[in-house]
Amino acid sequence: MTEINRDLVCVLIPTLNEKETIGPVIEELKAFGYNNILVADGRSTDGTPEIAEKLGAKVMTQQGKGKGKAMIEAFSIITEPYILMLDGDGTNPPEFADRMVEPLFAGRADHVIGNRLESYEKGALTKLNRFGNDVMNRMFKWAHGVYMTDILSGYRAFTKESLEQMHLTEAGFEIETEISSEVIHHNLRFEVVPTYYKKRPGSPTKLNPLKDGAKIILAINKYGKMNNPMFHFGTIGILLSLAGFLCGLYVVYEWFQGIEHLPLTILTMLLIVTGILVFMIGLLSDMIVAYHREEIREISQLKAEIEELKRK
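So, here is what we can say about the structure in this document. Treat the numbers as computed from the prediction; the structure is a model and nothing was measured.

Quick notes on the overall build of the protein chain
From N to C terminus, the protein chain includes ten helices and seven strands. The principal-axis extent of the C-alpha atoms belonging to the protein chain is close to 85 × 55 × 35 Å. Within the span of the protein chain, comprising 312 residues, buried residues form 45% of the whole. Put simply, of all contacts in the protein chain between residues at least 6 apart along the chain, 75% involve residues at least 24 apart. Element-wise, carbon and sulfur atoms account for 61% of the exposed surface of the protein chain, whose accessible area totals about 16,600 Å². Across the protein chain, the centroid of the 34 positively charged side chains sits 3 Å from that of the 40 negatively charged ones.

See the structure below:
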């Protein structure tokens, strides 16, 4: 197994009123040799920051509101070359920490996702949770062309360098979706690692299945336009053309009955022409994205060659 220098890893834990679980999480991390722990606290009122500080963790109070803001603010002050992120509610077992960061130290990946969906404690994920995760993972694949298994996982590991390439803006739970999209957009190497998901022992989850689920779906579509424009514009173009075709069938049928529909005829042409134009926009955009990715790949290769020459 690749040697892991845990002193080069900053463990980031976003928290909001996690007094029941933050202590055991930090103690277990330290027991595994992870001493650089940063708690990004969202102004907890139950003593979570005090517990974390007492156990030797560094605590920062976020300025903005939401998990995404906490993560973005924390990323800006972390100096270690590797970052491991897990939730402070005890659902992500620290015993998988080495497994999460190993692909980074081995140089196989820039980003690691901890997959919770294949192994979890009874009651940790309801049938609705599991269904929602499956739907969103499939939507992400359709929108981005890549299946990442568990895009909503809060158990992740990054290289500092890869985070510096991302332009993160989401304030809430959509942050994981945005990160996954940025990984695809910047053609970063990623690896999915099987982990385990525990039942939340402390306070109830802060994620609203309907409200936050809708935001995540909108985020998938929003970032999908950048990574896979052919899917987004192509789907719209095909639907418009199909609507025009069906409308046209009705116009032709009525014409054979001796009834003319001039407005519907015009609408038919507009729908078909607009659909074709939107489809072409998707095709051209897809070509631009492909060219952009190729340029990024060549720049990355050139950078790696320069670094190799410097080492020699």
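Regarding the layout of surface pockets
In this structure, the second largest pocket spans a volume of roughly 690 Å³. Along the walls of the second largest pocket sit 24 residues, with D110, E161, Q165, R189 and S300 positioned nearest its centre. Of all elements in the fold, only helix 4 (97-105), helix 6 (160-165) and helix 10 (262-311) reach the threshold of two or more residues within the lining of the second largest pocket. Looking at which element gives the most residues to the lining of the second largest pocket, the answer is helix 10, with ten residues. Its residues assigned to classes, the lining of the second largest pocket comprises eight nonpolar, eight polar and eight charged.

As for the pattern of salt bridges
Summed over the entire model, instances satisfying the criterion amount to eight salt bridges. In this structure, the salt-bridge partner of R6 is D98, at a minimum N-O distance of 2.7 Å. Of this pair, R6 sits in the segment before strand 1 (9-15) while D98 sits in helix 4, placing them 92 residues apart in sequence. According to the relative accessible area criterion, D98 is partly exposed, its value standing at 21%.

Describing the nonpolar core
Counting residues in hydrophobic clusters, the biggest one holds 30 residues, and the most contacted among them are L12 and F75. Secondary-structure elements contributing two or more residues to this core are strand 1, strand 2 (37-41), helix 3 (67-75), strand 4 (82-85), helix 5 (127-144), helix 7 (175-185) and helix 8 (211-227). Excluding its chain neighbours within four sequence positions, the residues that come into contact with F75 are L12, I83, F158, K160, L163 and L168. Among the nonpolar cores identified, the runner-up in size contains 28 residues, and V11, I22, Y82 and F96 belong to it.

Here's the deal with the environment of T274
Take T274: it is sitting in helix 10. Taking C-alpha positions, T274 is 7.5 Å from S241, a pair spaced 33 residues apart along the chain.

Notes on the pairing of strand 3 (residues 58-61)
Sheet topology places strand 2 next to strand 3; four bridges connect them, and they run parallel. Residue V39 lies in a different strand from strand 3, and its bridge partner there is V59.

Quick look at the packing of helix 3 against helix 7
Viewed as axis vectors pointing N to C, helix 3 and helix 7 meet at an angle of 50°, and their least axial separation amounts to 9 Å. On the basis of the axis angle, helix 3 is oblique to helix 7. Contact residues: K67, G68, M71 and I72 in helix 3; I175, E176 and I179 in helix 7. Looking at the contact of helix 3 with helix 7 residue by residue, the classes come out as four nonpolar, one polar and two charged.

Some thoughts on the sheet that holds strand 3
Spatial ordering of the open sheet is given by 3-2-1-4-6-5-7, a layout of seven strands whose pairing is mixed. Edge positions in the sheet fall to strand 3 and strand 7 (190-194), since each of these pairs with one other strand and no more. Across this sheet, the average inter-strand angle for adjacent strands is 20°, counted without regard to direction. Pairing of strand 1 with strand 4, which is carried by four bridges, proceeds in the parallel orientation. Of the residues in strand 4, the one forming a bridge with L12 is M85. Contacts between helix 7 and the sheet are confined to strand 5 (111-115), strand 6 (156-159) and strand 7, with strand 6 contributing the most and set at about 45° to the helix.

Examining the environment of K65
Here K65 shows up in the loop between strand 3 and helix 3. Residue classification places K65 among the exposed residues on the basis of a relative accessible area of 75%. Residues K65 and G42, spaced 23 residues apart in sequence, show a C-alpha to C-alpha distance of 6.8 Å.

Some remarks on the pairing of strand 1
Counting buried positions along strand 1 gives seven out of seven residues, so the element sits mostly inside the fold. Side chains V9, V11, I13 and T15 of strand 1 all project onto a buried face; the interleaved residues C10, L12 and P14 project onto the opposite face, where all are buried too. A crossover connection joins strand 1 to the parallel strand 2 through helix 1 (residues 22-31); in handedness this β-α-β unit is right-handed.

About the cut-offs
As a convention, each chain's residues are numbered from 1 in the sequence order in which they are written. Owing to the predicted nature of the model, reporting of local features is limited to residues with pLDDT of at least 70; listing and counting of side-chain atom pairs is limited to 80 or more, with chain, interface and lining totals taken over all residues. The basis for every side-chain value is the complete set of heavy atoms in the structure, and neither hydrogens nor water enter the calculation. Helix and strand assignments follow DSSP, with helices taken as H or I runs no shorter than four residues and strands as E runs no shorter than two, numbered in order from the N terminus. Each residue's exposure class comes from its accessible area (1.4 Å probe, protein chains only) as a fraction of the maximum for that residue type: buried when under 20%, exposed when over 50%, partly exposed otherwise. By definition, residues are in contact when any of their heavy atoms lie within 4.5 Å. Here the Shrake-Rupley method, with its probe set to 1.4 Å, supplies the accessible areas, and only the displayed protein chains count as covering residues. We treat Lys and Arg as the positive residues and Asp and Glu as the negative residues; His and chain ends play no part in the count. Just so you know, the charge point we use is NZ for Lys, CZ for Arg, CG for Asp and CD for Glu. Grid spacing is 1 Å over the protein atoms alone, the probe is 1.4 Å, and a cavity is where that probe fits but cannot get out, while a pocket is an open set with protein on both sides within 12 Å along at least five of seven lines and lining residues have an atom within 4 Å of a point. Grid points are joined across faces, edges and corners, and a volume is the space filled by probe spheres set on the points. Polar here means any residue outside two lists: the nonpolar Ala, Val, Leu, Ile, Met, Phe, Trp, Tyr, Cys and Pro, and the charged Asp, Glu, Lys and Arg; Gly therefore counts as polar. Counted as salt bridges are all cases of a side-chain nitrogen of Lys or Arg within 4 Å of a carboxyl oxygen of Asp or Glu. What is meant by a nonpolar core is a set of buried Ala, Val, Leu, Ile, Met, Phe, Trp, Tyr and Cys residues, joined one to another through side-chain atoms within 4.5 Å. A strand pair is defined by DSSP finding two or more bridges across the two strands. Here the axes come from fitting lines to C-alpha atoms, over the contacting stretch only for helices, and the angles between their N-to-C directions go from 0 to 180 degrees. Any angle that is under 35 degrees is reported as roughly parallel, and any over 145 degrees as roughly antiparallel; angles of 65 to 115 degrees are reported as roughly perpendicular and all others as oblique. A crossover counts as right-handed when, viewed with the strands pointing away from the observer, the path leading from the first strand over the helix to the second turns clockwise.

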